[in-house]
Amino acid sequence: MPVKNYYHMCRKGIGRPVMIRTRDGHVHRGIISHVTPSKVYIRPFGRRYGGYGYGWGWGWGAFGLGIGLGAITALAFTPFFWY
């Protein structure tokens, strides 16, 4: 699927749980928090987040884990009870 299609799917899915498989075989599960033309940012389930006032650089930051749209091979919106 072209990167443009993943971008539009992710934009419509902000705030929804998602499972993303990348070209290197990794599977990422979380909630879409932010989308740019080149990356989708998800907040992984079961992990703590960093940010100002919460420590010095640990965690995933304000937007979460950034995944390049060009690296995505599969994207599926999932129900919350999967996690």
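That block above? That's the structure.
Report follows, based on the coordinates. (Residues numbered from 1 in each chain as written. Predicted model: local features only at pLDDT ≥ 70, side-chain atom pairs only at ≥ 80, totals over all residues. Heavy atoms only, no water.)

Thoughts on the overall build of the protein
Link 1 in the chain: Regarding its fold elements, the protein presents one helix and five strands.
Link 2 in the chain: When the helices and strands of the protein are read in sequence order from the N terminus, they spell out α-β-β-β-β-β. (Helix = DSSP H or I, 4+ residues; strand = E, 2+ residues; numbered from the N terminus.)

Observations concerning the sheet that holds strand β2 (residues 27–35)
Link 1 in the chain: Strands sit in the order β4-β3-β2-β1-β5 across an open sheet of five strands; the sheet is antiparallel. Since the sheet does not close on itself, it has two edges, and those belong to β4 (65–68) and β5 (72–77), each with one partner. On average, each strand axis in the sheet is tilted by 45° relative to the strand beside it, whichever way the strands run.
Link 2 in the chain: Judged from the five bridges that link them, β2 and strand β3 (residues 39–44) form a sheet pairing that is antiparallel. Note that in β3 the partner of His34 across the bridge is Tyr41.
Link 3 in the chain: Packed onto the sheet, helix α1 (residues 3–12) meets β2, β3 and β5 and runs at close to 25° relative to β5. (Pairing = 2+ DSSP bridges. Axes fitted to C-alpha atoms, helices over the stretch in contact; angles between N-to-C directions. Contact = heavy atoms within 4.5 Å.)

What to know about the pairing of β3
Link 1 in the chain: In this antiparallel pair of consecutive strands, β2 and β3, the connection spans three residues.
Link 2 in the chain: Here four bridges tie β3 to β4, and the two strands are oriented antiparallel to one another. Residue pairing in the sheet places Ile42 in a bridge with Leu65 of β4.

Observations concerning the packing of aromatic side chains
Link 1 in the chain: Throughout the structure, instances matching the rule amount to zero aromatic pairs.
Link 2 in the chain: Sitting above the plane of the Phe77 ring, Arg16 keeps its charged end 4.3 Å from the centroid. (Phe/Tyr/Trp six-rings, centres within 6.5 Å; stacked < 30°, edge-to-face > 60°. Lys NZ or Arg CZ within 6 Å of the ring centre and 35° of its normal.)

Interpretation note: all reported values are geometric properties and have no functional meaning in isolation.
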